[in-house]
Amino acid sequence: QAQLVESGGGLVQAGGSLRLSCAASGLTFSVYAVGWFRQAPGKEREFVAAIGRSGGRTDVADSVKGRFTISRDNAKNTVYLQMSSLKPEDTAVYYCAADALRWNPSQSQYDYDYWGQGTQVTVSV
């Protein structure tokens, strides 16, 4: 059974850094594009970053560009989201998701087939 598990969330002060991990089991991660999305209380889920199957192409939302970096290690079946210069508005539950169809990263949550349970990121002032 395919499963994605996020980890690395927590409480951090503004300006700090966190690295989120998305570990996959029950599927060959290298044939999936992977995305990160987030959802803050009272808001819709939004795209954060995504990476293509080989890791050669990435896409990052304008709101986090220059602060967040997505990468992957297919040998470890893991995708990472390095977050730096965190702001209170980055507070949300962060989800990773896997897309079985497309080679390149997609910003649309509807393109993703598998989702993790999410990890909470809280940035204090």
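Criteria and thresholds
- Residues numbered from 1 in each chain as written.
- Predicted model: local features only at pLDDT ≥ 70, side-chain atom pairs only at ≥ 80, totals over all residues.
- Heavy atoms only, no water.
- Pairing = 2+ DSSP bridges.
- Helix = DSSP H or I, 4+ residues; strand = E, 2+ residues; numbered from the N terminus.
- Axes fitted to C-alpha atoms, helices over the stretch in contact; angles between N-to-C directions.
- Core = buried A, V, L, I, M, F, W, Y, C linked by side-chain atoms within 4.5 Å.
- Buried < 20%, exposed > 50% of the residue type's maximum accessible area, 1.4 Å probe, protein only.
- Contact = heavy atoms within 4.5 Å.
- Salt bridge = Lys/Arg side-chain N within 4 Å of Asp/Glu carboxyl O.

**Student:** Can you walk me through the sheet that holds strand 1 (residues 3–7) in this structure?
**Tutor:** Backbone hydrogen bonds hold the strands of a sheet together, and the pairing may be parallel or antiparallel. Within the open sheet, the four strands sit side by side as 1-3-8-7. Their pairing is antiparallel. Strand pairing shows two members of the sheet lacking a second neighbour, strand 1 and strand 7 (68–73), which therefore form its edges. Ignoring which end each strand starts from, the neighbouring axes of this sheet average 15° apart. As paired elements, strand 3 (residues 18–25) and strand 8 (residues 78–83) share six bridges and run antiparallel to each other. Each bridged residue has a counterpart across the sheet, and for Leu18 the counterpart in strand 8 is Met83.

**Student:** Would you explain the nonpolar core in this entry?
**Tutor:** Here is a general trend for soluble globular proteins: nonpolar side chains tend to be buried in one another's company. Ranked by internal contacts, the top residues of the largest apolar core, which has 34 residues, are Phe29, Trp36, Leu81, Met83 and Tyr94. Setting aside its immediate chain neighbours within four residues, Phe29 contacts Leu4, Cys22, Ala24, Val34, Arg72, Asn74, Asn77, Thr78, Val79 and Ala98.

**Student:** Which parts of the structure should I look at to understand the pattern of salt bridges?
**Tutor:** Opposite charge on two side chains lets them pair, provided their charged atoms get close. In total, this model carries six salt bridges according to the counting rule given. The salt bridge partner of Asp62 is Lys65, with a shortest N-O separation of 3.2 Å. Here Asp62 matches Lys65 in class, with each residue exposed. Arg102 is paired through a salt bridge with Asp99; the nearest N and O atoms lie 2.8 Å apart. A relative accessible area of 27% means that Arg102 is categorised as partly exposed. Through salt bridges with shared partners, a single ionic network connects Arg38, Glu46, Arg67 and Asp90.

**Student:** What exactly am I supposed to notice about the pairing of strand 8 here?
**Tutor:** Two faces belong to every sheet, and in a regular strand the side chains alternate between them. Counting buried positions along strand 8 yields five of six residues, so the element is predominantly enclosed. Of the strand pairs in this sheet, strand 7 and strand 8 are connected by six bridges, and their pairing is antiparallel. When the bridges of strand 8 are listed, Thr69 appears paired with Gln82. Where strand 7 hands over to strand 8, the hairpin turn is made up of four residues, of which Asn77 adopts a positive phi near 55°.

Read these as layout, nothing more, since geometry by itself doesn't imply function.
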